[in-house]
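# Observations on the model geometry
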Amino acid sequence: MTPDEFRKHAHELVEWMAGYMENVENLPVKSLVKPGEIFNKIPDKPPLHSESFDSLMKDFNEIIMPGISHWQNPNFFAYFPANTSPASILAEMLIATLGAQCMIWETSPAAAELEEKMMIWLRELIGLPSGFEGVIQDSASTATLAAILTAREKTTGFSGNIEGIKKSGILKVYCSEQTHSSVEKAVKISGIGSKNLVKIPVKDDFSMDPEKLKEAITYDKNNGQIPCCVVATLGTTGTTSVDPLKAIGEICHENDIWLHVDAAMAGTALILPEFQWMLEGKEYIDSFVFNPHKWMFTNFDCTAYFVKDAGALIKTFEILPEYLKTRTRGKVNDYRDWGVPMGRRFRALKLWSVIRTYGVEGLCDKVRNHIAIAAKLSEMISKEDDFEILAPVIISVVCFRYNPGGYTEDQINILNEKLNHQLNDSGKIYLSHTVLNGRYTLRMVTAQTNVTLGHVERAWVLIMETARSLKS
Ligand SMILES: *Cc1c(COP(=O)(O)O)cnc(C)c1O
């Protein structure tokens, strides 16, 4: 493809992209294709001869689009947001065009230095102490793995990397029953072992019970085991419950344990002064992760990972083969030593574009609006006798179920599962579920970039009507 042909197709694509943004609301939110349907429409062998881009676009529209669930549809209320925004997409176009590998400073100084500055911007925006240094990772899961590996190395006097961890004794990691599965994955693959992950019980509001944490740590120490890391969550995946950071931090401090904070989704709410209470006890944090690629209008991937002791992180990951030796080493940030992958995309450009385009005020207005919509939805649900709220509504996630009375718990669970599937199959809205204290729970997340109160009001009417028609 010549630059001229590229220009023609790119202009057409921009039309497609803007049209998608205008129309996405009218597309079925959840794809309704059957397993194998898309696979079977794609030829078994690659083409021998060049095909036109127009023929690709034709197949994209006819074969691929029906198999897409539309996360950018404002009626998408499932899982968590994976927000994009025009500013982020435009930056992504530049990033793809440059195609720069940003593994070390020398391979693109602007990328390394913009990343350093963007992490300072974000750190200040969310209110982390100034000693923290940040790096962009591909996902919260990767950042949490980096945290647990660093905690492992610090606990073993940096011998784990060299000797293996068998000699160090049994290391223990603690999190709550509501913690995201990425912690278990990190404990498995870090060599600590998932049976050494202790899941601390939660209180009625689904936050970690610090007394139980203290007991577990004391028990393990008395049994000759070595507490290595505690993971506290601000905004759990199921209900966005908030673990009490200060109480947990004091326990970590007394016992010299690494404190990692997972704020993947809720971290964005910290840009609002009224949510700074979540960070009370922040002086105890060793590492902190949040995902601008969830709620901060920056398309996947873009995870912000902060550490108090960047030296420990680098010592854990550093490797210096001959071909990566440079004259600037030690004077600049070579981010390949700040995590697992060597190759790195120029993700800082997306953050720069998003933050400058919205402005801090614009970001705050949007996030605040999403939180207000969740509160309104919670009010609407509370008004109906045959529905109940199942967890405190803290930010932009509302957990509820249909409970018309006269049914056993098992029957209510079946009813709500049916309700969830029927709503999703309608293509009009998309919800997902969790299970809380044995109850099948519908989760509605009101944080899509373009969601309005109107979308949520219409969704709520649909949910009530569908539920009541199921019953009769
Ligand atoms: C979404 C989420 C994760 C996982 O994030 P990825 O970036 O997809 O790895 C981890 N923890 C919490 C609390 C989350 O909400």
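For every chain, the first residue of the written sequence is number 1, and numbering continues from 1 onward in sequence order. In keeping with the predicted nature of the model, local features appear solely for residues at pLDDT of at least 70, side-chain atom pairs appear and are counted solely at 80 or more, and the whole-chain, interface and lining totals rest on all residues. To get the side-chain values, all heavy atoms of the structure are used, and hydrogens and water are removed first.

Now for the nonpolar core. Counting 71 residues, the largest nonpolar core has L122, V230, L259, F288 and F306 as its most contacted members. The way it works is that DSSP assigns letters per residue, a run of H or I at least four long becomes a helix, a run of E at least two long becomes a strand, and they are numbered from the N terminus. Among the elements that line this core, the one with the most residues is helix α12 (residues 348-382), at 9 residues. Two domains each put at least three residues into this core: domain 2 (100-345) and domain 3 (363-471). Among all residues touching F288, those that are not within four sequence positions of it are I126, L128, L234, H260, V261, A263, L270, L279, A304, Y305 and F306. Only buried residues count toward a nonpolar core, which is a set of Ala, Val, Leu, Ile, Met, Phe, Trp, Tyr and Cys residues joined through side-chain atoms within 4.5 Å. Think of it in three bands: residues with accessible area under 20% of the maximum for their type are buried, residues over 50% are exposed, and the middle band is partly exposed, with areas taken using a 1.4 Å probe on protein chains only. Membership of the second largest hydrophobic core comes to 33 residues, among which are V135, A143, A146 and Y335. What marks off one domain from the next here is an automatic or database domain assignment. The contact criterion used is simple: two residues touch if any of their non-hydrogen atoms lie within 4.5 Å.

Here we come to the packing of α12 against helix α14 (residues 453-471). Lines fitted to C-alpha atoms define the axes here, with helix axes fitted over just the stretch in contact, and angles between the N-to-C directions of these axes take values from 0 to 180 degrees. Direction vectors running N to C along α12 and α14 enclose 25°, while the axes themselves pass 10 Å from each other. Considering their axes alone, α12 and α14 lie roughly parallel with respect to each other. Crossing of α12 over α14 shows right-handed handedness. When α12 is examined against α14, the residues I373, K376, L377, M380 and I381 are found in contact with a partner set consisting of L453, V456, E457 and W460. Under the convention adopted here, Pro, Cys and the residues Ala, Val, Leu, Ile, Met, Phe, Trp and Tyr are nonpolar, Asp, Glu, Lys and Arg are charged, and Gly plus all remaining residues are polar. Here the contact of α12 with α14 is composed, by residue class, of 7 nonpolar, no polar and 2 charged. Roughly parallel means an angle under 35 degrees; roughly antiparallel means over 145; roughly perpendicular covers 65 to 115; every other angle is labelled oblique. Each crossing gets its hand from how the near helix is turned against the far one by less than a right angle, where anticlockwise is left-handed and clockwise is right-handed.

Further remarks concern the sheet that holds strand β10 (residues 432-436). Strand order in the open sheet formed by 4 strands is β8-β9-β11-β10, with antiparallel pairing between adjacent strands. With one partner strand each, in any of the chains shown, β8 (387-389) and β10 form the two edges of the open sheet. Across this sheet, the average inter-strand angle for adjacent strands is 40°, counted without regard to direction. Pairing geometry for β10 and strand β11 (residues 439-445), over 5 bridges, is antiparallel. Each residue of the ladder has a partner; that of T434, found in β11, is T441. Docked against the sheet, α12 engages β8, β9 (397-402) and β11, running at close to 15° with respect to β9. Pairing between two strands requires that DSSP report at least two bridges joining them.

This paragraph deals with the site of the ligand. Around the ligand, a shell composed of 14 residues is seen, among which A140, S141, D262, N291 and K294 lie nearest. The term polar contact refers here to a pair of N or O atoms within 3.5 Å; inside protein, the definition further demands a hydrogen-donor-capable atom paired with an acceptor-capable atom, and it admits residues adjacent in sequence only when both atoms are side-chain atoms. Side-chain polar atom of D262 to a nitrogen atom of the ligand: 2.6 Å apart, as the coordinates give it. The contact in question runs from an oxygen atom of the ligand to an N or O atom on the side chain of K294, over 2.8 Å. Accessible surface area values rest on a Shrake-Rupley calculation with a 1.4 Å probe, where residue burial reflects the displayed protein chains alone. Burial of the ligand by the protein chains amounts to 91% of its free accessible area of 390 Å². Residue assignment for the shell around the ligand shows that the elements contributing at least two residues are α5 (140-155) and α10 (292-295). Residues that form the shell around the ligand fall into these classes: 4 nonpolar, 8 polar and 2 charged. Note on definitions. A residue lies near a molecule or strand when any single heavy atom of the residue is within 4 Å of it.

Moving on, we come to helix α11 (residues 310-317). Considered for burial, the residues of α11 that qualify are A310, A312, L313, T316 and F317. Down the axis of α11, the buried side of the element spans an arc of 160°, and every buried residue falls inside it. On the buried face of α11, the contacting elements are β1 (133-137), α5, α6 (160-163) and β7 (303-307). Of all possible arcs, the one meant is that of the directions from the helix axis to the C-beta atoms.

It is worth spelling out the pattern of salt bridges at this point. Definition used for salt bridges: Asp or Glu carboxyl oxygen within 4 Å of a side-chain nitrogen of Lys or Arg. For the structure on display, the rule yields 24 salt bridges. E92 is the salt-bridge partner of K350, the closest N and O atoms lying 3.2 Å from each other. Taken together, the residues span a long stretch of sequence, with K350 in helix α12 and E92 in helix α3 (residues 86-98) at a distance of 258 residues. Exposure class is identical for K350 and E92. Each is buried. Where K212 meets D209, a salt bridge forms, and the shortest distance between an N and an O atom there is 3.8 Å. Residues joined in a network through salt bridges with shared partners are E92, D301, R345, R347 and K350.

Right, let's get into the pairing of strand β2 (residues 171-176). Counting buried positions along β2 gives 6 out of 6 residues, so the element sits mostly inside the fold. Bridging between β2 and strand β4 (residues 226-233) involves 4 bridges; their strand directions are parallel. In the sheet register, L171 faces β4, and the bridge partner there is I226. Relative to strand β3 (residues 197-200), β2 runs parallel, the two being bridged by 4 bridges. Looking at the pairing, V173 lines up with L197 of β3.

Moving on, we get to the pairing of β10. Residues S432, T434 and L436 point to one face of β10 and are all buried, whereas H433 and V435, pointing to the other face, are not buried. Where β10 hands over to β11, the hairpin turn is made up of 2 residues, of which N437 adopts a positive phi near 50°.

When its domains are assigned, the protein chain resolves into domain 1 (3-71), domain 2 (100-345) and domain 3 (363-471). Relative placement of domain 1 and domain 3: their C-alpha centres are 32 Å apart. In this complex, domain 1 contributes 8 residues to the contact, which on the side of domain 3 involves 9 residues. For the pairing of domain 1 and domain 3, the buried interface totals around 610 Å² over both sides, and the portion due to carbon and sulfur atoms is 60%. In short, buried area is how much 1.4 Å probe accessible area vanishes from two parts on joining, totalled over both. A per-residue breakdown of the area domain 1 buries against domain 3 is headed by V29, K30 and L32, which together make up 65% of the total.

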